[in-house]
Structures are given as C-alpha cells and as structure tokens.
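Letter by letter, the chains look like this.
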Amino acid sequence: MSVKMGANVCPITEERSGTVREVGAQAVWSLSSCKPGFGVDQLRDNSMETYWQSDGQLPHLVNIQFHRKTTVSQIYIYSDYKLDESYTPSRISIRCGMHFNDLQEVEVVDLCEPSGWVCIPIKEHEEMPMCTFMIQIAVISNHQNGRDTHMRQIRIHSPTEGSQYPLEHHGKFSTLEFSQFRTIR
C-alpha cells in the first residue's frame, strides 16, 4: 500500500479537479468517545485549527455509515505531530463492511510524525475502489504511547463517473461579472 503524505497532498485540489467528490456529508458519523466540544462537528468543520479529541481507552473509533452502498477510493486524514505530539496517531486500521458486525480490515497504516494530509487509498481486489455501507477508522496506537487521540479533519472520496467538468478549466470565478450572480435575489 502506498500512503501519500505531506504538503503536496491536498484533498481539495483533487475534488476541484473533478475526478473525485467528497461523500462524507452523505454519511452518519459517530465516535467511540470524545471530550465535550471536541467531537464530530470539529472533525468535519473544514478547519485545521479544530480537532476531535478522544476520551477513553484505545482503540479510538470513527464510524462512518452511509445510507446506501457507496464507492470509496480514498480517505484523507489531517494530523499534525508538531501541534499534537503524543495525541497524534501512529497506527491506524481502516475497516469496511455492511454494518458493525461484519467489518473487515482493509488497510493498516503506520504514521511517522505526520504533518498535514495523509491519503489512504481504499481498494478491493484488482485495485478497484471499494463499495461499502460502513467505514471504521480505528486508532490502534499514538506517538509516545499517548492515550487520547487528536484528529483534525477526515475527508472521504468517491470517484466521479461519466463526464468530468473540472472547475479549473473555467477560471477562478473572481470577476465582477461572476460575483454578481453568486446570490439569488
């Protein structure tokens, strides 16, 4: 498995290219534990300043349940070892299935002081993206044997099908002509 990490990895750039779309908003998210004010809302708020903080024993779990079977090609996790130190995950297990009782481990990722986005490809046999109802991200261990975990963001990508219309081909949408149509009157 080839995990991509670092400053050059950005899920927003891939989404804007038109080859993938973020499908996390179509799911129901739950956590094994969290400190008050550091839960799912912070994990999904598109801010690198906020984070989920677990509160309990390892493993710490992020459960992502889709309403219908969904094709998933990548999971992006934003972690920052410089800010979070012993709260930073060092080993993550990705599990997929139809529901809680049939989850199968599809990837195990070892992270060494990550700083930025980590891209984890999710593939079935023959390198095809996985179709699933549920994803579970399990933090198996943290750096420096830390007990609780910080995760700053998670994004779930699904490949787009059919025609693709990348936004970059149409400019930046920053002219006066475009801005006058950004709201409905």
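Parameters at a glance
Residues numbered from 1 in each chain as written. Predicted model: local features only at pLDDT ≥ 70, side-chain atom pairs only at ≥ 80, totals over all residues. Heavy atoms only, no water. UniProt positions renumbered as here; feature names shortened; annotations may be inferred. Helix = DSSP H or I, 4+ residues; strand = E, 2+ residues; numbered from the N terminus. Buried < 20%, exposed > 50% of the residue type's maximum accessible area, 1.4 Å probe, protein only. Contact = heavy atoms within 4.5 Å. Core = buried A, V, L, I, M, F, W, Y, C linked by side-chain atoms within 4.5 Å. Pairing = 2+ DSSP bridges.

An unreviewed UniProt entry lists the protein under the name Anaphase-promoting complex subunit 10, with Anopheles culicifacies as the source organism. The record held by UniProt for the protein lists under Function (unreviewed entry) the comment "Component of the anaphase promoting complex/cyclosome (APC/C), a cell cycle-regulated E3 ubiquitin-protein ligase complex that controls progression through mitosis and the G1 phase of the cell cycle." Taken directly from UniProt, the Sequence similarities (unreviewed entry) text for the protein runs: "Belongs to the APC10 family."

1. Quick notes on the environment of His157
Looking at the secondary structure, you find His157 in strand β12 (residues 153-159). Judged by its relative accessible area of 0%, His157 is buried. Separated by 86 residues in sequence, His157 and Thr71 have C-alpha atoms that sit 8.4 Å apart.

2. With respect to the environment of Glu124
With respect to the helices and strands, Glu124 occurs in the loop between β9 (115-121) and β10 (130-142). Here Glu124 falls in the partly exposed class, since its relative accessible area comes to 33%. Between the C-alpha atoms of Glu124 and Ser73, which are 51 residues apart in sequence, the distance is 9.4 Å. Not counting residues up to four positions away in its chain, the partners in contact with Glu124 are Pro129, Met130 and Cys131.

3. Considering the environment of His99
Secondary-structure assignment places His99 in the loop between β7 (89-97) and β8 (104-110). Given the relative accessible area of 39%, His99 is considered partly exposed. A C-alpha to C-alpha distance of 6.8 Å links His99 and Phe133, two positions 34 residues apart in sequence.

4. Observations concerning the nonpolar core
Core analysis: the largest hydrophobic core is formed by 27 residues, its most contacted members being Ile75, Ile135, Ile137, Ile154 and Ile156. Excluding residues that lie within four positions of it along the chain, Ile75 makes contacts with Ile94, Val118, Cys119, Ile120, Ile122, Ile135, Ile137, Ile154, Arg155 and Ile156. Core analysis: the second largest hydrophobic core is formed by five residues, Val9, Tyr76, Trp117 and Cys119 among them.

5. A look at the pairing of β7
Side-chain positions along a regular strand alternate between the two faces of the sheet. The buried fraction of β7 amounts to eight of the nine residues, a majority that puts the element mostly inside the structure. Examined bridge by bridge, β7 and β10 share eight bridges and lie antiparallel to one another. Residue Cys96 lies in a different strand from β10, and its bridge partner there is Ile135. Relative to β8, β7 is paired through six bridges, and the arrangement is antiparallel.

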